[in-house]
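Residues per chain, in single letters:
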Amino acid sequence: MSTVGVIGIMGILTLFYWLYVTLDVHRGLELLRTLPRAVSIPDKPPLVSVIIAAKEEERTIKETVQHLLSQHYPRLEIIAVNDRSQDATGVRLEELRKWSEGKNEIRTKLQIIHITHLPEGWLGKNHALYQGYLQARGQYLLFTDADILFAPGTITDAVAYMKEHDVHHLTLTPHMIARGRLLKGFVHFFLFSFSLFVRPWRANLDNPREPGIGIGAFNMVSRSAYEAVGTHQAIALRPDDDLQLGISLKKAGFRQRVLSARHHLQVEWYRSLREAVIGLEKNLFSGFRYSYFIALLACLGQLVFFIWPWLGLLFLWDWRGAVYAATVILQIWMYRKLMSRLMSSNGEEAYLLPVSASLLLYTIVRSVWLTWRQGGIYWRGTFYALRELKRNAK
């Protein structure tokens with residue numbers, strides 16, 4: 001078969017793939033709703049324990065905790081775990097505790113745990129969250145990151161939803177702040193391709209065989225469900241602990257819901273494009289279970305389904321170019337649809353899709369190469385051997 005024929009067949013197959021994806025996502029988005037406002041607080045509200053792991057977070061931890069201290073929910077305790085920080089994170093937390101204790105209008109208890117040693121067999125963040133759980137008294141546990149900003153009614157709305165719908169695990173998607181067009185395009189494209197891969201809306205189907213999901217910005221779980229899946233001890237060496245917690249809960253048959261909380265939560269994930277690439281390259285390989293074969297398939301997928309159609313659109317001027325043009329139109333439409341639902345974004349950076357896909361392809365390759373060259377990963381200043389990570393990923 002001639003090269004012309006091969007390129008044409010590839011174009012048609014790629015177009016059919018995007019037609020299938022478009023139909024699947026269009027149906028799936030009906031399952032992905034927004035966290036509603038609570039009509040009222042339950043008569044006997046359960047105690048909620050908010051657990052935050054913070055390592056070198058002096059820039060963001062103060063604002064995050066202040067937002068949590070300003071929550072309207074009446075029964076709340078906050079446990080902030082300073083995980084071996086070498087900066088002023090611990091100092092900021094102690095200042096916050098003293099400040100909050102002097103305010104009559106703040107009734108929320110702020111507890112601080114300072115960790116100075118990381119035992120073997122643990123990733124630092126997972127160990128910190130587990131230590132927070134050991135001190136928590138709440139019926140519900142909320143695991144969140146040290147850079148998330150909460151609207152005052154977030155926890156009230158979340159608890160009301162979980163009680164009304166008998167949900168054991170609620171995870172929320174935040175509004176992502178990205179400064180700069182290239183950074184916004186890259187971050188949003190990562191979320192776009194990740195969503196197409198994991199199809200998070202399917203977690204809202206009450207079937208243990210459907211994929212589960214967890215998001216680090218907001219993982220609220222009933223204490224009984226968390227303990228039933230083995231706590232963070234069961235995922236002690238997983239860099240993607242938030243996702244794995246959700247997967248474990250779903251597999252165990254607990255009712256899970258993922259909702260958009262773009263009006264409740266916001267986060268500036270990365271401050272620059274360079275920071276985003278460096279941050280993602282540390283844990284992307286873990287998402288492929290440290291399998292070189294799966295990572296290779298992911299790279300081919302980025303090249304064939306995201307980058308190749310744009311090249312065909314630019315360089316082919318016959319019927320094949322029309323096929324690739326139709327594929328690109330579907331890509332853009334689907335991208336804008338998902339960004340609107342997840343991020344409240346109009347997706348104006350959609351024209352950067354081939355650039356963002358190329359950057360993500362580079363990040364995946366670099367993640368695999370660095371992990372192989374180093375024999376493991378450096379995470380927050382600690383080295384974890386690849387052999388041990390692989391064993392824990394099975």
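Analysis parameters
All residue numbers here refer to positions counted from 1 along the written sequence of the relevant chain. This being a predicted model, a pLDDT of at least 70 is required before a residue's local features are given, and a value of 80 or more before pairs of side-chain atoms are given or counted; all residues contribute to the totals for chains, interfaces and linings. Calculation of side-chain values draws on the structure's entire complement of heavy atoms; hydrogens and water are dropped beforehand. Confidence of the predictor at the level of single residues is captured by pLDDT, which takes values from 0 to 100. Each helix corresponds to a stretch of at least 4 residues labelled H or I by DSSP, and each strand to a stretch of at least 2 residues labelled E; elements are numbered beginning at the N terminus. In this analysis an axis means a line fitted to C-alpha atoms, helices contributing only their contacting stretch, and an angle means the value between N-to-C directions, from 0 to 180 degrees. Roughly parallel refers to an angle under 35 degrees, roughly antiparallel to one over 145, roughly perpendicular to one between 65 and 115, and oblique to any angle outside these ranges. Handedness of a helix crossing follows the sense of rotation of the near helix relative to the far helix, less than a right angle counterclockwise being left-handed and clockwise being right-handed. We call two residues in contact when some of their heavy atoms are within 4.5 Å. Charged means Asp, Glu, Lys or Arg here, nonpolar means Ala, Val, Leu, Ile, Met, Phe, Trp, Tyr, Cys or Pro, and polar covers whatever is left, Gly included. Strand pairing is assigned whenever DSSP identifies at least 2 bridges connecting the two strands. Residues qualify for a patch when their relative accessible area is over 30% and they have no salt bridge, like charges being joined within 9 Å and the nonpolar side chains of Val, Leu, Ile, Met, Phe, Trp and Tyr within 5 Å. For the accessible areas, the method is Shrake-Rupley and the probe is 1.4 Å, while residue cover comes only from the protein chains on display. Between Lys or Arg on one side and Asp or Glu on the other, a salt bridge is scored when a side-chain nitrogen of the former is within 4 Å of a carboxyl oxygen of the latter. Throughout, exposure labels follow a simple rule: accessible area from a 1.4 Å probe, protein chains only, divided by the maximum for the residue type, with under 20% read as buried, over 50% as exposed, and the rest as partly exposed. The term polar contact refers here to a pair of N or O atoms within 3.5 Å; inside protein, the definition further demands a hydrogen-donor-capable atom paired with an acceptor-capable atom, and it admits residues adjacent in sequence only when both atoms are side-chain atoms. The span you would expect from a helix comes to 1.5 Å times its residue count less one.

Draft legend 1. Examining the confidence of the model for the protein chain more closely. Predicted confidence across the protein chain gives a mean pLDDT of 90, with 98% of residues reaching 70 or more. The lowest-confidence element of the protein chain is helix H14 (residues 386-393), averaging 79 in pLDDT; the highest-confidence one is strand S8 (residues 219-222), averaging 98.

Draft legend 2. Spatial organisation of the packing of helix H11 (residues 292-315) against helix H13 (residues 353-374). Where H11 meets H13, the axes come as close as 9 Å, and the angle between the chain directions of the two elements is 165 degrees. Here H11 is positioned roughly antiparallel relative to H13, judged by the angle of their axes. Handedness of the H11/H13 crossing: left-handed. Residues Tyr292, Ala295, Cys299, Gln302, Phe306, Ile307 and Trp310 of H11 form the contact with H13, whose own contacting residues are Leu353, Pro354, Ala357, Ser358, Leu360, Leu361, Ile364, Val365, Val368 and Trp372. For the contact of H11 with H13, a count of residues per class yields 15 nonpolar, two polar and no charged.

Draft legend 3. Fine view of the sheet that holds S8. Taken in spatial order, the seven strands line up as S3-S2-S1-S4-S8-S6-S9 in an open sheet, and their pairing is mixed. A strand with exactly one partner marks an edge of an open sheet, and here the two such strands are strand S3 (109-115) and strand S9 (256-260). Put simply, the sheet's adjacent strands are angled 20 degrees from each other on average, direction ignored. With five bridges connecting them, strand S6 (residues 169-173) and S9 associate as parallel partners. Note that in S9 the partner of Thr171 across the bridge is Val258.

Draft legend 4. Layout of a nonpolar patch on the surface. On the surface, Phe293, Ile294, Leu296, Leu297 and Leu300 cluster together into a nonpolar patch covering about 470 Å² of accessible area. When you line up the elements, Phe293 lands in helix H11. Relative accessible area serves as the criterion here: at 55%, Phe293 is assigned to the exposed category.

Draft legend 5. Spatial organisation of the environment of Ser272. Following the sequence through the fold, Ser272 ends up in the loop between strand S10 (265-267) and helix H9 (273-281). What makes Ser272 partly exposed here is its relative accessible area of 30%. The spatial distance from the C-alpha of Ser272 to the C-alpha of Lys184 is 9.4 Å, given a sequence separation of 88 residues. Separated by 3.1 Å, the side chain of Ser272 and the backbone nitrogen of Glu275 make a polar contact.

Draft legend 6. Representation of helix H5 (residues 154-165) within the structure. Over its twelve residues, H5 runs 17 Å from end to end, which matches the ideal 16 Å to within 8%, given 1.5 Å per residue. With nine of its twelve residues buried, H5 lies for the most part within the structure. Here H5 has its buried residues at Thr154, Ile155, Thr156, Asp157, Ala158, Val159, Ala160, Tyr161 and Met162. Phi turns positive, to about 55 degrees, at Asp166, one or two residues after H5.

Draft legend 7. Fine view of the sheet that holds strand S7 (residues 175-176). Ordered in space as S5-S10-S7, the three strands form an open sheet in which the pairing is mixed. The open sheet is flanked by strand S5 (148-150) and S7, the only strands paired with a single partner.

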